[in-house]
Amino acid sequence: MILGRAFEDMCAQMYFRGKMFGYVHLYNGQEAVSTGFIKLLKKEDSVVSTYRGHMHALSKGVPARAVMSELFGKTTRCCRGQGGSMHMFSREHNLLGGFSFIGEGIPVATGAAFTSKYRREVLKEADCDHVTLAFFGDGTCNNGQFFECLNMAAIWKLPIVFVVQNNLWAMAMSHLRATSDPQIYKKGPAFGMLGIHVDGMDVLKVREVAQTAIARARSGEGPTLVECETYMFREHSLTGPEELCDPAEKAHYAARDPIAALKRYLIENNPASETELKAIDKKIEELVEDAVEFADESPHPPRNQLLENVFADPKGFGIGPDGRYRCEDPKFMEGTAQCKKRGIERGPGGGGETPGDPSFGEGIISPIFESALPLASCQFPKKFTKYLTSADEAHDRDVSIHWQPYFSLESLLSEEPLQSSLDLIAGQSSSHHAEMEKGRQVKELKGQGRLP
Ligand SMILES: Cc1ncc(C[n+]2csc(CCOP(=O)(O)OP(=O)(O)O)c2C)c(N)n1
Ligand SMILES: [Mg+2]
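Right, let's walk through the structure included here.

The rules behind these values
Residues numbered from 1 in each chain as written. Chains lettered and ligands numbered in written order. Predicted model: local features only at pLDDT ≥ 70, side-chain atom pairs only at ≥ 80, totals over all residues. Helix = DSSP H or I, 4+ residues; strand = E, 2+ residues; numbered from the N terminus. Buried ≥ 20, exposed ≤ 12 C-beta atoms within 10 Å, placed from the backbone. Contact = placed C-beta atoms within 7 Å. Core = buried A, V, L, I, M, F, W, Y, C linked by C-beta atoms within 7 Å. Pairing = 2+ DSSP bridges. Right-handed = clockwise from strand over helix to strand, strands pointing away. Axes fitted to C-alpha atoms, helices over the stretch in contact; angles between N-to-C directions. Parallel < 35°, antiparallel > 145°, perpendicular 65-115°, else oblique. Left-handed = near helix turned anticlockwise from the far one by under 90°. Near = placed C-beta within 6 Å. Nonpolar A, V, L, I, M, F, W, Y, C, P; charged D, E, K, R; others polar.

1. Concerning the overall build of the chain
Move 1: Scanning the chain from N- to C-terminus turns up 19 helices and nine strands.
Move 2: Burial analysis of the chain (452 residues in total) assigns 43% to the buried set.
Move 3: Expressed as a percentage of contacts within the chain between residues at least 6 apart in sequence, the contacts between residues at least 24 apart total 69%.

Here it is in structure tokens:
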């Protein structure tokens, strides 16, 4: 927990110093949930996280150096700088992502749990008792994928624990306003599965509940839905304002800081002295400093890494051996024209899936968004700028990348060094997003009559 807190406080500093770009969502205040659950897992067990996943990665054993350098967009792990904050992934540690779209991780986790069951029961791998933990927020529980996966996991008795981190807010939306029955754990029994509520600010209580749920999954008793009542001490993401919450609510949860509470417990009950705890703080501080130095000194990815892991590579559009973009196939841009002529309107994420399909270009947007990357986002061809003429439109269309309007093919083909493009993304996306957040906040406050 101390590592997670110190690491993320450092992330905030590094973000505002311009060392990280895109969105960065911190977990401060929720550490007891990650530690209470993940520290009980075996290496082979899987964790599926959200866009707020640095701490899950650390709890699962991904080294602080690897996580920090990922946040810096450097080559030195864990996704070679291509994932960024919202797409932490480590095959070695069975950390199966990192998803910028809310709820996207739940089916992936359900699939991982199905794999364990299949290996054990169909392939007769008797020792395959692997468990999957799916972490997500209260707001995500209003999403259809949550219900579909609960249903499927219950029917198949999958070895999975659905861990809801109920921090009472989904961006600027209060959980109490958005959910018909705010007691999320009660949705478990509706699907024939055990539902448990736990104080997510108390790591020992979380651990106790986690032990029960993980043991159930491992022994074949099926899934459990655990609602952890927790709170986020910082704003939704580092780009947004935080002042929507009631100060009394904040103070209430600040007084229940899980780290301070555990320290008090350890000192009062004698398992550790204050001096020993201070020594841990110091050790962690050094580890985080080391991670920052490592990340800072690590190299940027080479330009020719941009299209790696992008599964749909439009023919002729790519990076040449000299590291420069090429657009050798005129048909690539013609595709757009044909597509328009045929009246095919496709939004981001849709589109032709195979090269040769005139609308193929649109299809690449989804894998790019999904597979990540502040980095590769600067490869968008010009035509995407036509879809989304402003960041507000991007937001209305629920597209999680807000900076595509700033890029054109010309800029990608230019001599401009990669890093300056990234700086541009960082500056423009952050400031624009902050502006949008501010607008939304003012609207909300006006609606509540708190502003004239
Ligand atoms: C499918 C989808 N819709 C909307 C968004 C925009 N969005 C990002 S975070 C968020 C709120 C999620 O709240 P919650 O599940 O409570 O998680 P928390 O941020 O509180 O950890 C929303 C709506 C998104 N990323 N994906
Ligand atoms: Mg929430």
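2. As for the environment of Gln211
Move 1: Among the secondary structure elements, Gln211 is positioned in helix H9 (residues 203–218).
Move 2: Look at Gln211 and you get partly exposed, because 13 C-beta atoms sit within 10 Å.
Move 3: Counting along the chain gives 171 residues from Gln211 to Leu40, while the straight-line C-alpha distance between them is 7.3 Å.

3. Examining the nonpolar core
One broad rule of soluble globular proteins: the nonpolar side chains tend to lie buried together.
Move 1: Of all hydrophobic cores here, the largest spans 81 residues; its most connected members are Val67, Ala134, Val161, Val163 and Val226.
Move 2: Broken down by element, this core gets its largest block of residues, seven residues, from H9.
Move 3: Non-local contacts of Val163, meaning those with residues more than four positions away in its chain, are made with Val33, Phe37, Leu133, Ala134, Phe135, Val226 and Cys228.

4. Here we look at unusual backbone geometry
Move 1: Even without a glycine there, the phi angle at Asn94 is positive, about 55°.
Move 2: Along the chain, the position of Asn94 falls in the loop between helix H4 (64–71) and helix H5 (105–121).
Move 3: Despite not being glycine, Leu168 has its phi angle at roughly 75°, a positive value.
Move 4: By the element assignment, Leu168 lies in the loop between strand E3 (160–166) and strand E4 (169–170).
Move 5: Look at Leu168 and you get partly exposed, because 18 C-beta atoms sit within 10 Å.

5. Re the pairing of strand E6 (residues 194–199)
Move 1: As paired elements, E6 and strand E7 (residues 224–229) share six bridges and run parallel to each other. The residue bridging Val198 from the neighbouring strand is Cys228, located in E7.
Move 2: Tracing the backbone out of E6, into H9 and back to the parallel element E7 gives a crossover that is right-handed.

6. What about the pairing of strand E2 (residues 132–137)?
Move 1: Of all six residues that make up E2, six are buried, and the element is covered over most of its length.
Move 2: Where burial is concerned, the two faces of E2 agree: the one with Thr132, Ala134 and Phe136 and the one with Leu133, Phe135 and Gly137 are both buried.
Move 3: Summarising the sheet, strand E1 (residues 46–48) and E2 pair through three bridges and their orientation is parallel. In the strand pairing of E2, Val47 is matched with Leu133.
Move 4: Taken together, the six bridges between E2 and E3 define a ladder with parallel strand orientation. Following the sheet pairing, Ala134 is matched in E3 by Phe162.
Move 5: Read from E2 through helix H6 (residues 144–155) to E3, the crossover connection turns out right-handed.

7. What to know about the packing of H5 against H6
Move 1: Two elements in contact, H5 and H6, have axes separated by 9 Å at closest approach and are oriented at 15°. Considered as vectors, H5 and H6 are oriented roughly parallel to each other. The handedness of the crossing between H5 and H6 comes out as left-handed. Contacts between H5 and H6 involve Ile106, Pro107, Thr110 and Ala113 from the former and Gln145, Phe146, Cys149, Met152 and Ala153 from the latter.

8. Some points on the site of ligand 1
Move 1: For ligand 1, the set of nearby residues contains 17 residues, the closest of which are Ile102, Gly137, Gly139, Thr140 and Ala170.
Move 2: Taken together, the elements giving at least two residues each to the shell around ligand 1 come down to E2 and E4.
Move 3: Among the residues forming the shell around ligand 1, the class breakdown is six nonpolar, eight polar and three charged.

9. Here's the deal with the environment of Gln145
Move 1: Relative to the assigned elements, Gln145 resides in helix H6.
Move 2: C-alpha of Gln145 to C-alpha of Ile102: the two residues are 43 residues apart in sequence and 9.5 Å apart in space.
Move 3: Sequence-distant contacts of Gln145, defined by excluding residues within four places in its chain, comprise Gly103, Ile106 and Pro107.

Purely spatial values, then, with no claim about function.
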